[in-house]
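As a plain string of letters, each chain reads:
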Amino acid sequence: MLAAITSLMLLGFALGSLLGLASRYLKVEGNPLQKEIEEMLPGSQCGQCGYPGCAAAAEALANSRAPVTLCPPGGVVLAEALAGKLGVSIDLSTVEEKQPMVAFVNEGLCIGCGRCYKRCPTDALVGGPKQIHVVISDSCTACEKCIDVCPTACIEMRPIPVTLQTWHWPKPSLAYTA
Amino acid sequence: MKLFRIRGGVHPQEHKQLSAHKAIEVMPMPELLRIPLQQHIGSPAVPVVRKGDSVLKGQLLAHAQGMISAPVHAPTSGRIIAIGKHIAPHPSGLPVRTITLKADGNDRWIDLPGPVDPFTLDANEISERVAAAGIVGMGGASFPSAVKLNLGKRFSLHTLVINGAECEPYLTCDDRLMREHATEILDGVRIMMRALGVAHCLFAIESNKAQAHEAISKAAGNHNGIHTVKVPVRYPMGSEKHLVQTLTGEETPARALTADIGVVVHNVATAFAVHEAVRFHLPLISRVVTVSGGAIKHPRNLRVAVGTPVRELLAHCGGFREEPARLLSGGPMMGQPIINTGIPVVKGSNAVLALTAAETATHPAMPCIRCGSCVKACPCGLVPAEISARTRHGDLQGAADLGLMDCISCGSCAYVCPSHLPLVQYFNYAKGELTARQRAEHKQKETKRLAEQRAERIAREKKAKREAMMRRRQAARKRTKSEKAGANV
């Protein structure tokens, strides 16, 4: 009787302390999925998804509170990757790719105040004080943050024109319905 | 010589008899020439002339830029009246930077250095001359030829293959060139062999061009190492990877170059241009173009100045016999639609076709019946039906996994499809879309990098500011201490 009680108690202590140690040393900080998703997102903290930054968006995605198509700069490519990661199926043919835009500074109105380049998450705006600012179109993600701060409303978003290098054949349409 | 069978392929009706018996005719110089600055794969050329300049025939108009590029020369003497955008010879109809030259009618050449013996030049000098002459692959792909002549430095090559297959229906420009200029072509071939450092050349001609074969064999008779080979008539025999496989039995690995298996392929028209450029310093300013099709009144083979509008070619051939159902630049299998006859002939244009409704098979598409005809026809060993189904449903990655990127867009699958499915059209779309996605992915990576760098910079600046403040505070504290000490003294 005594032997049984002691042995069970010892077993309980040993396993309990093992669990305690494990929870201390093998602790998982936060949701690992969230971290992985955050790494996949562009990280420009542009806020176009409606969440304050990519970390918040990743959290929403990890808890399946947001659709995988939430990130406009990521486009179809990212939506596909996220769907693969989260194991959800999306019909990519229904994903409307937003027409790619790029910021444009109207040089006649720019007063060189420098507010826009301080806000730009990808350093796509360059310029000095009292000098006209310009957009490096390859770096611009069209997050529209600069539009909000411009005191003379001289920044606008323009569609990126299709060139011979970027044009490709459209998807053929089939008359019949299979 | 033993030939090897390639898989797949189709036998479209040839229609070559329309223009094969017509000797190459020099087309009169048009009044206005539109010379695009990008007639090749790679970076566009940079203009060295300005609006209003007078130029002579053969004068450099724009120089090459970057590693893969080609210069552009004046096809005749005249005045530059514009450097701006003009509709490109491209199915998109988008504009491309173009030099507009108004011919003065004198057709006066620039002073050219005297002819040289190319066999006193070394490989580098030859490829430099080919590059300076603006020669690009004239079979249609328009890849700068000098880059391909330099492949000997990176790969160990053993054979040069000259592509005289001309497997596309209707096309006869290479056929005529071989019949009429065999000696010149052979000279070009020997120059290219010297540049590549190979001792062996296979000159492949499809067996439906008996006269061309005879002319080339006769001209090649007294040169060592050049063998003329009759290859069977089958589309797409002129695809370089398939031609090499037919001749050597070796298959080029997926997404690799034929140079990886020691072979370089050049077109016959390119060989002719190399002969003119290296021996006589003549830049590439004209090419032979077949104008044919059931809707053309007088089909012809014309030597046309680069920049001549397609409209002029059609007018020179007597216009249309009947309203064409389709206008094409290139052959009927792989050619691109001409949406505006104002587009110019460029270095890579080999034909202008006007096809009647009877010649173009336009049937409504029906559902796939899984007959497998496309699988049998595909020369690359792919499953077109499956790839197109995945493409249709937006699964481009799935299509790529099935070998989409190994498709050469030859159109054999769409040609044989009994349901008239636009198979090759799906693949062209999918390839373009995948490239666009790669670009988007690249941009996203760059965005991430830029955002990270910015965050790091802001953190650094903040830290520097804080440290500066600390230092200032410490200094101030020290000062007050010493002042106190001074007051005490």
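Residues numbered from 1 in each chain as written. Chains lettered and ligands numbered in written order. Predicted model: local features only at pLDDT ≥ 70, side-chain atom pairs only at ≥ 80, totals over all residues.

Draft legend 1. Quick peek at the overall build of chain A. Of regular secondary structure, chain A possesses 6 helices and 4 strands. Going residue by residue from the N terminus, the α and β elements of chain A occur as α-α-α-α-β-α-β-β-α-β. What you see for chain A is a C-alpha radius of gyration of 26 Å, clearly larger than the 16 Å of a compact globule of 178 residues, by over 25%. Expressed as a percentage of contacts within chain A between residues at least 6 apart in sequence, the contacts between residues at least 24 apart total 53%. (Helix = DSSP H or I, 4+ residues; strand = E, 2+ residues; numbered from the N terminus. Rg over C-alpha atoms; globule rule 2.2 N^0.38 Å. Contact = placed C-beta atoms within 7 Å.)

Draft legend 2. How the structure looks around the overall build of chain B. The number of helices and strands found in chain B is 13 helices and 17 strands. Taken along the three principal axes of its C-alpha coordinates, chain B extends 115 × 65 × 50 Å. Within the span of chain B, comprising 489 residues, buried residues form 50% of the whole. (Buried ≥ 20, exposed ≤ 12 C-beta atoms within 10 Å, placed from the backbone.)

Draft legend 3. Geometry of the sheet that holds strand β7 (residues 78-87) of chain B. Residue and element names in this part refer to chain B. Read from one edge of the open sheet, 4 strands run β2-β8-β7-β4, paired in antiparallel fashion. The open sheet terminates on both sides in strands that have one partner only, identified here as β2 (32-36) and β4 (54-55). As defined by bridge partners, β7 adjoins strand β8 (residues 95-103) across 9 bridges and the pair is classed as antiparallel. Residue pairing in the sheet places Arg79 in a bridge with Lys102 of β8. (Pairing = 2+ DSSP bridges.)

Draft legend 4. Quick peek at the domain arrangement of chain A. Residue and element names in this part refer to chain A. Looking at chain A, the domain boundaries give domain 1 (32-94) and domain 2 (101-159). One C-alpha centre belongs to domain 1, the other to domain 2; they are set 26 Å apart. In this assembly, 5 residues from domain 1 lie in contact with 5 residues from domain 2. Counted by class, the side of domain 1 that touches domain 2 contains 2 nonpolar, 3 polar and no charged residues. (Domains from an automatic or database assignment. Nonpolar A, V, L, I, M, F, W, Y, C, P; charged D, E, K, R; others polar.)

Draft legend 5. Here's a closer look at the interface of chain A and chain B. With 31 residues of chain A at the interface, the matching set in chain B holds 30 residues. A breakdown of the residues in the side of chain A that touches chain B according to their chemical character gives 17 nonpolar, 12 polar and 2 charged.

Draft legend 6. Spatial organisation of the confidence of the model for chain B. Overall, the prediction assigns chain B a mean pLDDT of 92, with 100% of residues at 70 or greater. Of the two predicted TM-score estimates for the complex, the pTM is 0.85 and the ipTM is 0.81. (pLDDT = per-residue confidence, 0-100.)

Draft legend 7. Inspection of the pairing of strand β13 (residues 286-292) of chain B at higher detail. All names here are of chain B. Counting buried residues along β13, 7 of its 7 residues qualify, which places the element largely inside the surrounding structure. Of the two faces of β13, the one holding Ser286, Val288, Thr290 and Ser292 and the one holding Arg287, Val289 and Val291 are both buried throughout. Across 6 bridges, the pairing between β13 and strand β14 (residues 300-305) is antiparallel. Residue pairing in the sheet places Val289 in a bridge with Leu302 of β14. With 3 bridges joining them, β13 and strand β17 (residues 351-355) adopt parallel strand pairing. Within β17, the position partnered with Ser292 by the bridge is Leu353.

Draft legend 8. Broad picture of the environment of Glu184(B). Residues and elements named next belong to chain B. Within the fold, Glu184 resides in helix α4 (residues 182-196). The sequence separation of Glu184 and Ser329 amounts to 145 residues, and the corresponding C-alpha distance is 27 Å. In this structure, Glu184 is in contact with Phe272 and His275, ignoring residues within four places of it in sequence.

Draft legend 9. Highlighting the environment of Gly47(A). All names here are of chain A. Relative to the helices and strands, Gly47 resides in the loop between α2 (32-40) and α3 (54-62). Along the backbone, Gly47 and Lys35 are 12 residues apart, and their C-alpha atoms lie at a distance of 18 Å. Beyond its immediate sequence surroundings of up to four residues, Gly47 is in contact with Pro52 and Gly53.

Draft legend 10. Main features of the environment of Leu282(B). All names here are of chain B. Among the secondary structure elements, Leu282 is positioned in the loop between α7 (268-280) and β13. Overall, the presence of 19 C-beta atoms within 10 Å leaves Leu282 in the partly exposed class. Each C-alpha atom, one on Leu282 and one on Arg129, is 9.6 Å from the other, the two residues being 153 residues apart in sequence. Setting aside chain neighbours within four positions, we find Leu282 in contact with Gly58, Ala133, Glu276 and Ala277.

Draft legend 11. Highlighting the sheet that holds strand β3 (residues 46-47) of chain B. Residues and elements named next belong to chain B. What the 3 strands build is an open sheet, ordered β3-β5-β6; its pairing is antiparallel. Across the chains shown, the open sheet's two edge strands, defined by having one partner strand only, are β3 and β6 (72-73). Pairing of strand β5 (residues 60-63) with β6, which is carried by 2 bridges, proceeds in the antiparallel orientation. Paired with Leu60 across the bridge in β6 is His73.

Draft legend 12. Quick peek at unusual backbone geometry. In this chain, Tyr235(B) is followed by Pro236(B) through a cis amide linkage whose omega measures -5°. Relative to the helices and strands, Pro236(B) resides in the loop between β11 (226-231) and α6 (240-248). Residues other than glycine seldom take positive phi values, yet Lys130(A) does so here, at roughly 60°. Summarising the element assignment, Lys130(A) is placed in the loop between β2 (125-126) and β3 (134-135). Note on Lys130(A): 9 C-beta atoms within 10 Å, which makes it exposed. At Glu166(B), a position not held by glycine, the phi torsion is positive, near 45°.

Draft legend 13. Representation of the packing of α4(B) against helix α5 (residues 210-220) of chain B. All names here are of chain B. Orientation of α4 relative to α5, taken along the N-to-C sense of each, is 55°, at an axis distance of 9 Å. In terms of orientation, α4 lies oblique with respect to α5. For the pair α4 and α5, the sense of crossing is right-handed. On α5, the residues that touch Ala182, Thr183 and Leu186 of α4 are Ala215, Ile216, Lys218, Ala219 and Ala220. Among the residues forming the contact of α4 with α5, the class breakdown is 6 nonpolar, 1 polar and 1 charged. (Axes fitted to C-alpha atoms, helices over the stretch in contact; angles between N-to-C directions. Parallel < 35°, antiparallel > 145°, perpendicular 65-115°, else oblique. Left-handed = near helix turned anticlockwise from the far one by under 90°.)

Draft legend 14. View of helix α1 (residues 2-25) of chain A. Along its 24 residues, α1(A) runs 34 Å from first to last C-alpha, staying within 8% of the 34 Å computed at 1.5 Å per residue. Across the 24 residues of α1(A), 0 count as buried, placing the element largely on the outside. (Expected span 1.5 Å × (residues − 1).)

Draft legend 15. Structural view of the packing of helix α3 (residues 173-180) of chain B against α5(B). Residue and element names in this part refer to chain B. Two elements in contact, α3 and α5, have axes separated by 8 Å at closest approach and are oriented at 40°. When the axes of α3 and α5 are compared, the crossing they make is left-handed. Every residue of α5 that contacts α3 at Asp175, Met178 and Arg179 is listed here: Gln211, Ala212, Ala215 and Ile216. Here the contact of α3 with α5 is built from residues that sort into 4 nonpolar, 1 polar and 2 charged.

Draft legend 16. A look at the pairing of β14(B). Residue and element names in this part refer to chain B. Burial runs high along β14: 5 of the 6 residues are buried. Two strands pair when backbone bridges link them, and strand β1 (residues 25-26) and β14 are joined in this way by 2 bridges, in the parallel orientation. Opposite Glu25, over in β14, you have Leu302 as the bridge partner.

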